[in-house]
Amino acid sequence: MPLPTIEVPSYKINIISVPNTITYRPFLVKEEKILLTALAGEDETEIINAIKQIISNCIIEPEINVNILPIFDIENLFVNLRSKSVGSLSTIGLACNECEESNQFEINLDDIQINTDKKHTKDIELIKDVIGVTMKYPSIDILTSVENTEEDDAGISQVYDLVSDCIETIYTTDEEFQMTDYTDLERNEFFESLTQEHFLKIQEFFDTMPYIYYDLKYDCEHCNHKEKLNIRGIQNFFT
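About the thresholds
Residues numbered from 1 in each chain as written. Predicted model: local features only at pLDDT ≥ 70, side-chain atom pairs only at ≥ 80, totals over all residues. Heavy atoms only, no water. Buried < 20%, exposed > 50% of the residue type's maximum accessible area, 1.4 Å probe, protein only. Helix = DSSP H or I, 4+ residues; strand = E, 2+ residues; numbered from the N terminus. Pairing = 2+ DSSP bridges. Axes fitted to C-alpha atoms, helices over the stretch in contact; angles between N-to-C directions. Parallel < 35°, antiparallel > 145°, perpendicular 65-115°, else oblique. Contact = heavy atoms within 4.5 Å. Nonpolar A, V, L, I, M, F, W, Y, C, P; charged D, E, K, R; others polar. Salt bridge = Lys/Arg side-chain N within 4 Å of Asp/Glu carboxyl O. Core = buried A, V, L, I, M, F, W, Y, C linked by side-chain atoms within 4.5 Å. Phe/Tyr/Trp six-rings, centres within 6.5 Å; stacked < 30°, edge-to-face > 60°. Lys NZ or Arg CZ within 6 Å of the ring centre and 35° of its normal.

> Give a detailed account of the pairing of strand β4 (residues 89-95), specifying residues and quantitative values.
Residue alternation in β4 divides its side chains into a buried set, S90, I92 and L94, and an unburied set, L89, T91, G93 and A95. Between β4 and strand β5 (residues 102-108), which pair antiparallel and follow one another directly, the connecting turn spans six residues, one of which, E100, has a positive phi of 70°.

> Which residues make up the sheet that holds strand β8 (residues 131-135), and what are the values?
Strands sit in the order β7-β8-β9-β10 across an open sheet of four strands; the sheet is antiparallel. Across the chains shown, the open sheet's two edge strands, defined by having one partner strand only, are β7 (123-127) and β10 (176-178). In this sheet, neighbouring strand axes are inclined to one another by 25° on average, regardless of whether the strands run parallel or antiparallel. Relative to β10, strand β9 (residues 167-172) runs antiparallel, the two being bridged by three bridges.

> Requested: an account of the packing of helix α1 (residues 29-41) against helix α2 (residues 44-58), with residues and values cited.
The geometry of α1 relative to α2 is characterised by a closest axis approach of 8 Å and an angle of 170° between their N-to-C directions. Here α1 is positioned roughly antiparallel relative to α2, judged by the angle of their axes. Each of E31, I34, L35, A38 and L39 in α1 lies in contact with α2, whose residues at this interface are E46, I47, A50, Q53, I54, N57 and C58. When the residues that make up the contact of α1 with α2 are grouped by side-chain class, the tally is eight nonpolar, two polar and two charged.

> If you had to explain the sheet that holds strand β1 (residues 11-13) to someone new, which residues and values would you point to?
Within the open sheet, the three strands sit side by side as β1-β2-β3. Their pairing is antiparallel. One side of each edge strand has no neighbouring strand; the edge strands of this open sheet are β1 and β3 (59-61). Each strand of the sheet is rotated relative to its neighbour by a mean of 40°, with strand direction disregarded. Of the strand pairs in this sheet, strand β2 (residues 22-24) and β3 are connected by two bridges, and their pairing is antiparallel. Bridge assignment links T23 to a residue of β3, and that residue is E61.

> Any chance you could break down the pairing of β7 for me, citing the residues and the numbers?
Here β7 runs beside β8; their pairing, made up of four bridges, is antiparallel. Along β8, the bridge assignment pairs I124 with V133.

> How would you sum up the pattern of salt bridges? Please name residues and give values.
Opposite charge on two side chains permits pairing when their charged atoms draw close. Using the criterion set out here, one finds four salt bridges in the structure. Note that K52 is salt-bridged to D141, the shortest N-O span being 2.8 Å. Of the two residues, K52 is situated in helix α2 and D141 in helix α4 (residues 140-147); the sequence distance between them amounts to 89 residues. For R187, the salt bridge goes to D184, with nearest N and O atoms at 2.1 Å. On the criterion of helical spacing, the pair formed by R187 and D184 is a turn pair, its members being three residues apart in helix α6 (residues 184-192).

> Now, about the environment of C99: what can you tell me, with residues and values included?
You can see C99 is positioned in the loop between β4 and β5. In this structure C99 comes out as partly exposed when scored by relative accessible area, which is 28%. On a C-alpha basis, the gap between C99 and N224 in space is 9.5 Å, while along the polypeptide they are 125 residues apart. Beyond its immediate sequence surroundings of up to four residues, C99 is in contact with C220, H222 and C223.

> Quick rundown of the nonpolar core? Include the residues and the values.
One finds I22, I55 and L77 to be the most contacted residues of the largest nonpolar core, which totals 38 residues. Of all elements in the fold, only β2, α2, α3 (71-85), β4, β5, β11 (211-219) and β12 (226-232) reach the threshold of two or more residues within this core. At six residues, α3 tops the list of elements feeding residues into this core. Setting aside its immediate chain neighbours within four residues, L77 contacts I13, I15, I22, I55, I59 and L69. One finds L126, I170, F190 and L194 within the second-largest nonpolar core, a separate group that totals 21 residues.

> Give a detailed account of the packing of aromatic side chains, specifying residues and quantitative values.
A complete count under the given rule lists seven aromatic pairs for this structure. For the ring pair Y11 and Y24, a centre distance of 5.8 Å and an interplane angle of 35° mean the geometry is tilted. Taken together, the residues Y11 in strand β1 and Y24 in strand β2 connect sequence positions 13 residues apart. Since its relative accessible area comes to 27%, Y11 is described here as partly exposed. The structure contains a cluster of three or more aromatic residues connected by ring pairs, namely F72, Y137, F205 and F206. Lying across the ring of Y11, K84 places its NZ or CZ 5.4 Å from the centre. The positively charged end of R232 is found above the aromatic ring belonging to Y211, 3.6 Å away from the centroid.

If you want it as structure tokens, here you go:
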């Protein structure tokens, strides 16, 4: 006689980069083991791979390539998975900006929101009616790869690599050029031909890109300093 099976609930969520509603289940003991093992090793690559594996395991439909999801969709999915699997409350530690002493706060993960900017666009005109670029959102793999790039004093290499990796197409009034059709050298030559004005236009794509956030108001328990913080990024919501 087979052992009984436990029915697992399912939930739905809409994310920015996927047009269809996603159906997912909470992560189970087997997924929690994957995460805890990665966290215990304290290796960033292993933790990222664990998060992607858990998300991939828990999505019921539609079929999604987690490797190419934008970082903000990965974060949004994982926060919702964590909320439905472990509980919506999470305790975080933050240092006071005034006295620098640590404070512990309990936040509700269900109150984390996605910020979208109405000015944000993936199509950027470098020269009006002449030439422009279409950008793609950085995946968690692209960001990790860029962060592992040898950094100069100003972090310029990392910034340039990120921008270059996220240019998907170049377009003119007559033609469109897929960057994947060209060599690293050819792509680099185009990138290095940009003026500072062009670069700033592209930089605005990243500045206005969606992100998850939580507004926290608190009084420091050590010095009573009042603070309002806009907390961003998945790494700040879990201890």
